[in-house]
Amino acid sequence: MARGRFITLEGGEGSGKSTQGRLLADAIGGRGHEVVLTREPGGTAGAEAIRGLLVTGDTARWAPWSEALLMTAARVDHVARVIRPALARGAMVICDRYVDSTRAYQGAGHGLDDAALTRLHDDAVGLWPDLTLVFRLDAEAGLARARQRGGAEARFEGFAGDFHARIAAFFAGLPGREPARCRAIDASGSVADVHARIMAAL
Ligand code: TMP
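Keep in mind the model is a prediction, meaning the values are calculated, not measured. Per chain, residues are indexed from 1 in the order of the written sequence. Confidence filtering applies because this is a predicted model: local features only for residues at pLDDT of at least 70, side-chain atom pairs given and counted only at 80 or more, and all residues used for totals across whole chains, interfaces and linings. Based on all heavy atoms of the structure, the side-chain values leave hydrogens and waters out of the count.

Participant: An account of the overall build of the protein is requested, with residue identities and associated values reported.
Facilitator: Comment: elements are numbered from the N terminus, with helices defined as DSSP H or I runs of at least four residues and strands as E runs of at least two. Helix and strand content of the protein: eight helices and five strands. Its helices and strands in sequence order give the protein the pattern β-α-β-α-α-β-α-α-β-α-α-β-α, from N to C terminus. C-alpha atoms define the radius of gyration, and 2.2 Å times the number of residues to the power 0.38 defines the globule rule. Relative to the 2.2 N^0.38 estimate, which gives 17 Å for 202 residues, the radius of gyration of the protein is 16 Å and therefore close to what a compact globule would have. Overall size of the protein, expressed as C-alpha extent along the three principal axes, is 45 × 40 × 35 Å. The method behind every accessible area is Shrake-Rupley, applied with a 1.4 Å probe, and residues are considered shielded solely by the protein chains displayed. Surface summary for the protein: the accessible area is close to 8900 Å², and the carbon and sulfur share equals 56%.

Participant: So, the pairing of strand β1 (residues 6-10): which residues are in play, and what are the values?
Facilitator: Any residue under 20% of the maximum accessible area for its type is buried, any over 50% is exposed, and the rest in between are partly exposed; the area is computed with a 1.4 Å probe on protein chains only. With five of five residues buried, β1 lies mostly within the body of the structure. Along β1, one buried face is formed by F6, T8 and E10 and the opposite face, lined by I7 and L9, is buried too. Sheet topology places β1 next to strand β3 (residues 92-96); four bridges connect them, and they run parallel. Note on β3: the bridge partner recorded for L9 is D96. For two strands to count as paired, DSSP must find a minimum of two bridges between them. As defined by bridge partners, β1 adjoins strand β4 (residues 131-136) across four bridges and the pair is classed as parallel. When the bridges of β4 are listed, E10 appears paired with V134.

Participant: A description of empty space enclosed by the protein should follow, citing residues and the corresponding values.
Facilitator: With a 1 Å grid laid over protein atoms only, a set of points is called a cavity when a 1.4 Å probe fits there but cannot get out and a pocket when it is open yet has protein on both sides within 12 Å along at least five of seven lines; lining residues have an atom within 4 Å of a point. Grid points are joined across faces, edges and corners, and a volume is the space filled by probe spheres set on the points. Under the counting rule described, the total for this entry stands at one cavity of 30 Å³ or more. Roughly 40 Å³ of volume is contained in the largest cavity. Contributions of two or more residues to the lining of the largest cavity are made by α3 (64-88), α4 (99-109) and α5 (114-124). Partitioned by chemical class, the residues of the lining of the largest cavity number three nonpolar, three polar and two charged. When residues are sorted by character, Ala, Val, Leu, Ile, Met, Phe, Trp, Tyr, Cys and Pro go into the nonpolar class, Asp, Glu, Lys and Arg into the charged class, and all the rest, Gly among them, into the polar class.

Participant: Quick one: what's the story with the side chain of T132, residue by residue and with numbers?
Facilitator: Within the fold, T132 resides in strand β4. Residue T132 is classed as buried on the basis of its relative accessible area, which comes to 0%. Beyond its immediate chain neighbours, meaning those up to four positions away, T132 contacts T8, E10, D100, R181, C182 and R183. Whether two residues are in contact is decided by their heavy atoms, any of which lying within 4.5 Å being enough.

Participant: Can you break down the sheet that holds β1 residue by residue, with the values?
Facilitator: Spatial ordering of the open sheet is given by β2-β3-β1-β4-β5, a layout of five strands whose pairing is parallel. Both outer strands of the open sheet, β2 (35-39) and β5 (182-186), are each paired with one neighbouring strand and no more. Sheet twist, expressed as the average angle between the axes of neighbouring strands with direction ignored, equals 20°. Note on method: axes are straight lines fitted to C-alpha atoms, helices fitted across the in-contact stretch only, with angles between N-to-C directions ranging 0 to 180 degrees. Contacting β1, β4 and β5, helix α7 (residues 161-177) crosses the sheet at an angle of about 140° to β4. Docked against the sheet, helix α8 (residues 191-201) engages β4 and β5, running at close to 155° with respect to β5.

Participant: Tell me about the site of the ligand, and please be specific about residues and values.
Facilitator: Here a residue is considered near a molecule or strand provided that any single heavy atom belonging to it is located within 4 Å of it. Taken together, 14 residues form the shell around the ligand, and within it E13, R51, R97, T102 and Q106 come nearest. For the ligand, an oxygen atom lies 2.6 Å from a polar atom in the side chain of R97. Contact with the protein chains removes 90% of the 470 Å² of surface that the ligand exposes when unbound. In a pocket analysis with a 2 Å cut-off to the grid points, the ligand is assigned to the largest pocket. Residue assignment for the shell around the ligand shows that the elements contributing at least two residues are α2 (45-55), α3 and α4. Considering every element that reaches the shell around the ligand, the biggest residue donor is α4, with four residues. Polar contact is the term for a pair of N or O atoms within 3.5 Å; when the atoms are in protein, one must be able to donate a hydrogen and the other to accept it, and sequence-neighboring residues count only if both atoms are side-chain atoms. Grid points define the cavity or pocket, and a molecule sits in it when more than half of its atoms lie within 2 Å of them.

Okay, structure coming up:
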């Protein structure tokens, strides 16, 4: 059986990725294709435990490299136990955030070197998506949406606005820098509008 396709959804806070991931999984699953919808940090018991360390508590809880290494530790487990086996049996994998979030948040946001993060990914994980949809939404609007949602997983929302502005700038430039893999998706407007743009991009 041919290897399945690996699609990642990326963007800043509150860009509607998770809702769109579910709609996309339903649309593809409805055509009789096996779809695995998953997320990062998380997707396995071990990686979800690491997620708890990362997304809760004080912003000062972790140094940037601790964050990057914890994200990567979770990703290694997730890729080995869930993503690679699914692709090997021909399933389509849709992942809500992946390595570009590490490059955006720990790289552009916290100032870690992108080449170092990319090398770490190549060495420790070694799997890049076939297609990355980069959700484009004004950082302030997205943050407001995410903060309104509330909940315990608010650690990254607590970083100052310029952190989120650097992340937004990274994502805005990504499809232009890596056009073979990445497509920009305008995430403004209704859920149905955004879903239609995604289906068109596929
Ligand atoms: P979520 O809110 O989209 O589920 O993601 C959890 C948070 O983790 C979000 O604020 C982005 C952050 N994050 C990183 O900082 N680096 C990463 O590599 C990933 C996957 C997520």
